[in-house]
Each structure stands twice: as C-alpha cells, then as structure tokens.
Amino acid sequence: MTEVRIQTEDFNVSDLQQRLTAGRTASGAVATFVGLVRSTQSAEIQKMLLEHYPGMTERSIQAIIDRAKKRWSLLGVQVVHRVGSLLPGEQIVYVGICSMHRSDAFAACEFVMDYLKTRAPFWKKEYTASGEHWVEVRSSDEVAAARWD
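Residues numbered from 1 in each chain as written. Predicted model: local features only at pLDDT ≥ 70, side-chain atom pairs only at ≥ 80, totals over all residues. Heavy atoms only, no water.

Digging into the sheet that holds strand E2 (residues 29-36)
Consideration 1: One open sheet accounts for four strands, arranged E1-E4-E6-E2; its pairing is mixed. The open sheet has two edge strands with one neighbour each: strand E1 (2-7) and E2. Between one strand and the next, the sheet's axes are offset by a mean angle of 5°, whatever the strand orientation.
Consideration 2: Of the pairings in the sheet, the one linking E1 to strand E4 (residues 74-82) comprises six bridges and is parallel in character. Opposite Ile-6, over in E4, you have His-81 as the bridge partner. (Pairing = 2+ DSSP bridges. Helix = DSSP H or I, 4+ residues; strand = E, 2+ residues; numbered from the N terminus. Axes fitted to C-alpha atoms, helices over the stretch in contact; angles between N-to-C directions.)

Structure, rendered in structure tokens:
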C-alpha cells in the first residue's frame with residue numbers, strides 16, 4: 001500500500017494510520033511523523049504559504065518512497081503534504097510507515113522525511129511582522145539527507 005496526497009485541507013492522523021494498517025496482519029510496527037508549522041528562531045511566523053508543482057511533486061514523492069521500499073522491508077507507506085496558506089501550529093506533513101519490524105519502520109520514516117525536506121519540489125514562503133521571504137533548504141537538512149547516500 002502506497003498513498004501520496006497533496007492537499008489544502010487538514011488531515012486526521014488516526015484515520016490515516018487506520019488505513020495504513022488495515023488488513024496488514026504481518027505488521028509489527030508503525031512509525032509516523034507529523035510536522036507542524038512553527039516559528040523560526042529569528043522571527044515569529046504569522047503564516048506560511050506552500051506551493052508545489054502538481055504532478056511533478058507527487059512523482060518526486062513516489063520516487064522517494066520507491067527508494068525507501070528498495071532499502072527496507074515495508075508493508076505500507078503514506079505521505080500527506082499540505083499546500084496553501086497555513087498558520088503556526090497547523091499540521092503540514094504526515095509520513096506513515098508500516099513494516100514487520102520497528103527498525104525498518106523508524107529508519108524508513110526518517111529517510112522519507114529527510115528526503116521530503118530536501119528533494120521534494122515544495123516552495124515555502126514565510127510571512128512575518130518584518131515582511132515575507134522564501135525559505136531556503138537548511139544545510140542541516142542537506143546533511144541529514146546525505147547520510148542516507
């Protein structure tokens with residue numbers, strides 16, 4: 001089971017996890033990650049605008065998932081990423097991994113998230129009291145993704 005969704009509306013983590021594990025009796029582990037819009041150290045974010053390239057973004061995320069499936073034994077993978085205008089505290093991304101063993105689930109979840117941060121074509125603009133700016137990929141995110149190569 002693989003699910004990739006790009007959407008403006010919020011998501012329900014419980015519903016997603018239930019769908020991820022439905023009928024998978026060989027599952028021994030589920031690892032999930034939920035990312036939230038947060039303020040940065042330098043400025044209080046009033047809102048964030050996320051843009052993407054429809055079609056290209058989904059294919060890019062599917063390629064990340066395919067790479068994870070070659071590396072670990074996975075029974076199911078879900079990625080839900082929101083786009084549009086988001087406020088601090090709102091959910092922005094969900095990654096769910098189902099596998100027979102926790103080590104595969106944890107590692108694959110971290111891998112997918114690291115690659116989403118650096119390889120998926122999303123563009124983020126932050127709005128603060130001092131103005132707006134496009135967010136660049138952080139070097140720490142690049143380092144985190146590079147360890148998987």
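That was the structure; now back to the text.
Quick look at helix H1 (residues 13-21)
Consideration 1: For H1, the N-terminal cap is Asn-12; the gap from its side-chain oxygen to the backbone nitrogen of Ser-14 is 3.0 Å.
Consideration 2: Count one or two residues on from H1 and you reach Gly-23, which has phi positive near 75°. (Polar contact = N/O pair within 3.5 Å; in protein donor to acceptor, adjacent residues only side chain to side chain.)

A few points about the layout of surface pockets
By rolling a water-sized probe across the atoms, one finds the places where empty space is left.
Consideration 1: Quantified by volume, the largest pocket comes out at close to 880 Å³.
Consideration 2: Here the lining of the largest pocket gets seven residues from one element, more than from any other, and that element is helix H3 (residues 102-119). (1 Å grid on protein atoms, 1.4 Å probe; cavity = no way out; pocket = protein on both sides within 12 Å on 5 of 7 lines; lining within 4 Å. Points joined across faces, edges and corners; volume = space filled by probe spheres on them.)

With respect to the nonpolar core
Consideration 1: Core analysis: the largest hydrophobic core is formed by 34 residues, its most contacted members being Ile-61, Trp-72, Val-95, Ile-97, Phe-111, Val-112 and Leu-116.
Consideration 2: With nine residues, H3 is the largest single contributor of residues to this core.
Consideration 3: In this view, Val-112 contacts Ile-64, Ala-68, Val-79, Val-95 and Ile-97; residues no more than four positions away in its chain are not counted.
Consideration 4: Within the second largest apolar cluster, six residues are counted, among which are Leu-16, Val-80, Tyr-94 and Cys-98. (Core = buried A, V, L, I, M, F, W, Y, C linked by side-chain atoms within 4.5 Å. Buried < 20%, exposed > 50% of the residue type's maximum accessible area, 1.4 Å probe, protein only. Contact = heavy atoms within 4.5 Å.)

A short note on the packing of H3 against helix H4 (residues 139-146)
Consideration 1: Look at H3 against H4: their axes get within 9 Å of each other, and the N-to-C directions meet at 135°. The orientation of H3 relative to H4 falls into the category oblique. Judged by the sense of rotation from one axis to the other, the crossing of H3 with H4 is left-handed. Residues Asp-114, Tyr-115, Lys-117, Thr-118 and Arg-119 of H3 pack against Asp-141, Glu-142, Ala-144 and Ala-145 of H4.
Consideration 2: By residue class, the composition of the contact of H3 with H4 is three nonpolar, one polar and five charged. (Parallel < 35°, antiparallel > 145°, perpendicular 65-115°, else oblique. Left-handed = near helix turned anticlockwise from the far one by under 90°. Nonpolar A, V, L, I, M, F, W, Y, C, P; charged D, E, K, R; others polar.)

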